[in-house]
Amino acid sequence: MLTFNSKIASNERPMNGVLHTAVPKLLVAWDTETTGTDSGTDKKEGSSEPISYGLVAYRNGVEEAAHHFLSQPTSYDLPRDSGAYRVHGMSPEDLDDSYAGSLIRSKDGTVRTPALHPHVALDKMLATLAHYQSQGAVFLGHNLDFDYRMLHRAHRMFYGRARQRISPQTGSNLPILASSGFDIDAAKARTIDTYAHAKAMNEFGPPIKRPPSGLTVQLSDGTRIENAVQDYQGNWTAPNENRPSQSLESLCKLYGIVPGGHDALEDSRAAAQLFFAQVGKNRGGR
Amino acid sequence: MQHAIDNQLEMHFDYPSSSPGGEVSRRVIPSGFTPEGHVRGYDLSNGMWKNWKLNKIIGPSGNGMQPRSIEPPEDIGDSGSNLIPGPSRPNPTDFNPKKVKINIDAPLKAAPPTDMEQFIKNNYADDYEHPNVNAFRDAKENGQQVTFEHEGETHTIIPRSINDFGRSVPHSTVQGYCTQHGKEEVITPFDIKSVGVIEPQSQELPTPSYITQRSLREQELKNNAEDFKKGIDLTVQPAAVEPTHEEYEEARASDIDPDTFDKATYKRVRNLGATHPQIIEAISANKIPIEDYEDAYKTALSNNDVFGIDATSNDTHVSALGLANKRQSAYNETVNSLRSMRAGGQESPVSSWTPLSDDDHNYLAEQLFGHHMALRNYKGKHETPHLEVPGGRRAHEWVMSECTKLDPSLKAGMGARDFYDSSMILPNDNGWSTGGSSNPTNNTYTDVARSLLNHYTATGMRANSIKDFIVNRRKKNAVLNIASSQFFPYEYTPEKYEED
């Protein structure tokens with residue numbers, strides 16, 4: 001299970017790029033909602049923080065447990081007109097009230113238990129992930145690289161950075177492993193990303209060439225296309241024309257699955273349902 | 001407010017701040033009223049006695065009212081007006097009044113001044129004496145409204161408050177409801193040519209929008225709690241298998257660590273179908289933590305279902321043993337990884353954290369235990385947000401039992417059902433602290449829980465054996481269960497706890 005000393009590189013995703021035709025015996029779908037999309041890089045700290053963690057565990061395809069932890073972010077930079085607020089619908093006032101012990105509602109009307117201190121919420125999420133990892137779980141989510149980065153970001157806030165890199169592969173992994181027993185690199189190596197899976201299934205259509213932005217093309221019939229892109233056959237099209245969006249929401253709609261509405265718990269469920277549908281398709285279904 | 005004074009309570013409310021950003025939350029012990037009608041109270045955030053303007057207090061908020069967390073020092077009075085909280089202003093988020101600016105085009109007493117401020121200084125000792133301020137003050141006291149003209153518009157203000165923080169400088173403002181425009185307005189009396197007509201109020205002074213909105217919000221949150229209560233059932237259902245006292249005790253004695261052994265887990269596994277001898281074999285002969293055996297047994301049952309295996313209880317047990325033993329290998333790898341990290345000096349920042357002393361550790365565990373004992377034993381109706389639900393007392397008892405995993409000596413207090421001391425309820429967290437090391441001197445619920453969390457993170461780094469690792473994990477999970485249960489143990493379900 002643990003690959004601290006293994007050769008698996010942190011950016012290697014052996015479960016990506018393949019068409020899955022079976023559902024893992026223990027599948028754990030998870031997701032975070034955040035104050036923004038700036039998760040930072042190795043050199044620059046991001047400004048965004050998790051405000052909720054959601055996780056749903058499936059044993060042999062049957063939902064066994066669900067966990068949802070709201071987290072009060074340390075920064076209050078979340079105006080009501082922000083993109084993040086429009087996405088998940090939780091305002092600073094909501095989070096303040098929730099952290100003070102009140103029960104707030106999510107966008108779908110579900111009553112949520114109070115928000116936790118971000119340190120407590122993070123440790124509960126890591127402990128839950130470690131619990132399933134030690135049972136050999138496969139992790140699942142949509143564009144989970146972002147969520148793994150948010151785990152790192154939140155972890156650094158309370159546990160600091162590693163003093164030194166152990167190896168090029170495991171340097172950033174060490175603090176989380178040490179504090180929680182959750183081996184994030186091993187988890188990445190056992191992660192199925194529904195975005196990558198959809199890509200492998202060619203759900204987004206053939207690859208396109210992206211010329212310099214701002215290119216305007218005039219076709220022979222006189223049609224002008226602004227910001228044109230070229231498809232694999234050399235045809236010019238408008239960006240994203242006839243190409244499904246790569247969001248979880250769009251893919252869910254493609255399969256007739258109710259999207260999670262940017263609620264960490266419901267998005268985890270939606271990603272799992274999407275994956276089950278993709279597996280069905282790969283096995284010769286619709 | 002009077003209730004808090006009479007009953008010697010501590011209040012949480014929001015109050016305008018002098019710094020940008022509007023209101024800040026305050027924890028205040030009110031003692032009475034000043035002759036000016038202000039509330040006299042001890043500010044717990046900076047340890048000072050202050051006067052609080054009643055019309056500026058928004059709330060109660062946070063914990064609302066609660067028993068005093070400390071006894072305030074003797075009130076020796078203010079040394080100056082600087083003790084009065086900073087400049088008053090409307091709530092910045094909910095209230096956006098129009099400030100009426102009117103050019104003075106006529107003198108108040110003499111020829112038109114060229115420098116208004118100097119004119120005021122020359123003619124009035126302070127703005128209390130300004131006729132316009134006096135007119136509004138009288139109107140407020142007499143329940144009247146004031147009508148005046150400004151740039152072709154008529155304003156009729158029912159004064160709500162007069163912010164008289166200006167001395168010698170014409171800065172007094174009047175906040176009130178304008179019946180002409182149907183909204184809250186703030187005016188500077190010095191800017192008004194003439195106060196015009198003063199007459200009885202034509203209508204009741206309406207509640208300002210920010211108060212209305214807050215009140216609506218409070219009602220919404222109350223409704224949420226009511227809806228939540230309707231959706232949960234914490235009634236203990238009889239189980240198919242009720243283990244005997246002897247079975248529990250044999251399982252406890254066989255466990256990897258009897259102090260952190262969880263009776264409820266044992267009972268759940270029995271009700272999954274495992275027999276007592278099978279469990280003893282797993283936890284004693286195979287040294288498998290009972291919680292891992294439970295996970296493995298559930299997996300084995302699930303595999304039977306999915307793959308159509310017609311398994312006997314023993315087949316399931318053997319399968320569960322195999323799965324749980326694989327997990328033991330994973331723990332071994334983790335412990336080895338931690339050991340090589342330490343040996344190779346490949347340490348994380350956590351490595352430098354110093355675990356708490358036994359005394360500090362036990363003191364913190366006792367504080368959390370006492371918090372939930374108080375909530376369990378309280379006979380009255382809890383103030384929001386401490387949720388009152390049927391079966392809720394057992395939920396708090398579950399958290400108490402989690403505390404006994406940290407310090408088994410606390411088990412002696414489990415039976416004290418009539419003891420109640422409100423001072424055992426730990427205060428709520430109002431601030432942020434991302435410091436890494438444990439600090440047992442802090443005393444909010446979250447601070448106490450986080451100190452223990454950091455402690456078990458530090459001790460987890462030092463795990464030298466699978467037993468160390470498992471026992472530490474059990475204790476850290478107990479702290480995590482406690483940490484998320486301050487107001488109510490929302491993660492509790494009846495099968496999570498079994499009484500001793």
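A closer look at the confidence of the model for chain A
Atom-level detail of predicted coordinates should not be read off regions where pLDDT is low. Residues and elements named next belong to chain A. Predicted confidence across chain A gives a mean pLDDT of 80, with 75% of residues reaching 70 or more. Within chain A, strand S8 (residues 208-209) has the poorest average pLDDT of any element, 58, and strand S6 (residues 138-141) the best, 96. Here residues 1-11 scores under 50 on pLDDT; set against residues more than four positions off or in separate chains, the count is 31 contacts. Across residues 163-172, confidence stays below pLDDT 50; counting only partners more than four residues off in sequence or on other chains, it has 20 contacts.

Brief notes about the packing of aromatic side chains
Summed over the entire model, instances satisfying the criterion amount to 11 aromatic pairs over all chains. Geometrically, the ring pair formed by Phe-139 of chain A and Phe-182 of chain A is edge-to-face, given 5.9 Å between the ring centres and 80° between the ring planes. Here Phe-139 of chain A is found in strand S6, whereas its partner Phe-182 of chain A is found in the loop between helix H5 (174-180) and helix H6 (184-189), with 43 residues between them in sequence. For the pair formed by Phe-139 of chain A and Phe-182 of chain A, the shared burial category is buried. Among the aromatic residues, ring-to-ring pairing joins Phe-228, Phe-488 and Tyr-490 of chain B into one connected group. The ring of Tyr-248 of chain B carries Lys-263 of chain B above its face, with NZ or CZ at 4.4 Å from the centroid.

Observations concerning helix H7 (residues 276-285) of chain B
Residue and element names in this part refer to chain B. Turning to H7, its buried residues are His-276, Gln-278, Ile-279, Ile-280, Ala-282 and Ile-283. Those residues of H7 hidden inside the fold are in contact with helix H5 (245-254), helix H6 (263-272), helix H8 (290-306) and helix H9 (313-343). Positive backbone phi, approximately 55°, marks Lys-287, located one or two places after H7.

Focus: the pattern of salt bridges
Counting across every chain of the model gives 33 salt bridges over all chains. Connected through salt bridges with shared partners, the residues Asp-255, Glu-291, Asp-292, Asp-295, Arg-327, Arg-473 and Arg-474 of chain B form a single ionic network.

So, a nonpolar patch on the surface
Taken together, Val-306, Phe-307 and Ile-309 of chain B make up a surface patch of nonpolar side chains, about 280 Å² in accessible area. Structurally, Phe-307 of chain B can be placed in the loop between H8 and H9.

Considerations on the packing of helix H12 (residues 445-461) of chain B against helix H13 (residues 466-483) of chain B
Residue and element names in this part refer to chain B. With their axes 9 Å apart at the nearest point, H12 and H13 run at an angle of 165° to one another. Here H13 runs roughly antiparallel to H12, going by the angle between their axes. Like other packed secondary-structure pairs, H12 and H13 cross with a definite hand, here left-handed. Between H12, through Tyr-445, Ala-449, Leu-452, Leu-453, Tyr-456, Thr-457, Thr-459 and Gly-460, and H13, the contact on the second element is made entirely by Asn-472, Lys-475, Lys-476, Val-479, Leu-480, Ile-482 and Ala-483. Each residue belonging to the contact of H12 with H13 can be placed in one class, and the counts come to nine nonpolar, four polar and two charged.

What about the sheet that holds strand S7 (residues 191-193) of chain A?
Residues and elements named next belong to chain A. Ordered by their spatial adjacency, five strands build an open sheet running S3-S2-S1-S6-S7, and the pairing between neighbours is mixed. In this open sheet, the two strands that pair with only one neighbour each are strand S3 (62-70) and S7. Across the sheet, the axes of successive neighbouring strands diverge by a mean angle of 20°, strand direction being ignored. As judged from the nine bridges shared by strand S1 (residues 26-34) and strand S2 (residues 50-59), these two strands associate in the antiparallel manner. For Thr-34, the partnering residue across the bridge sits in S2 and is Pro-50.

Rules used throughout
- Residues numbered from 1 in each chain as written.
- Chains lettered and ligands numbered in written order.
- Predicted model: local features only at pLDDT ≥ 70, side-chain atom pairs only at ≥ 80, totals over all residues.
- Heavy atoms only, no water.
- pLDDT = per-residue confidence, 0-100.
- Helix = DSSP H or I, 4+ residues; strand = E, 2+ residues; numbered from the N terminus.
- Contact = heavy atoms within 4.5 Å.
- Phe/Tyr/Trp six-rings, centres within 6.5 Å; stacked < 30°, edge-to-face > 60°.
- Buried < 20%, exposed > 50% of the residue type's maximum accessible area, 1.4 Å probe, protein only.
- Lys NZ or Arg CZ within 6 Å of the ring centre and 35° of its normal.
- Salt bridge = Lys/Arg side-chain N within 4 Å of Asp/Glu carboxyl O.
- Patch = residues over 30% accessible without salt bridge, like charges linked within 9 Å, V, L, I, M, F, W, Y side chains within 5 Å.
- Areas by Shrake-Rupley, 256 points an atom, 1.4 Å probe, with all protein chains shown as cover.
- Axes fitted to C-alpha atoms, helices over the stretch in contact; angles between N-to-C directions.
- Parallel < 35°, antiparallel > 145°, perpendicular 65-115°, else oblique.
- Left-handed = near helix turned anticlockwise from the far one by under 90°.
- Nonpolar A, V, L, I, M, F, W, Y, C, P; charged D, E, K, R; others polar.
- Pairing = 2+ DSSP bridges.

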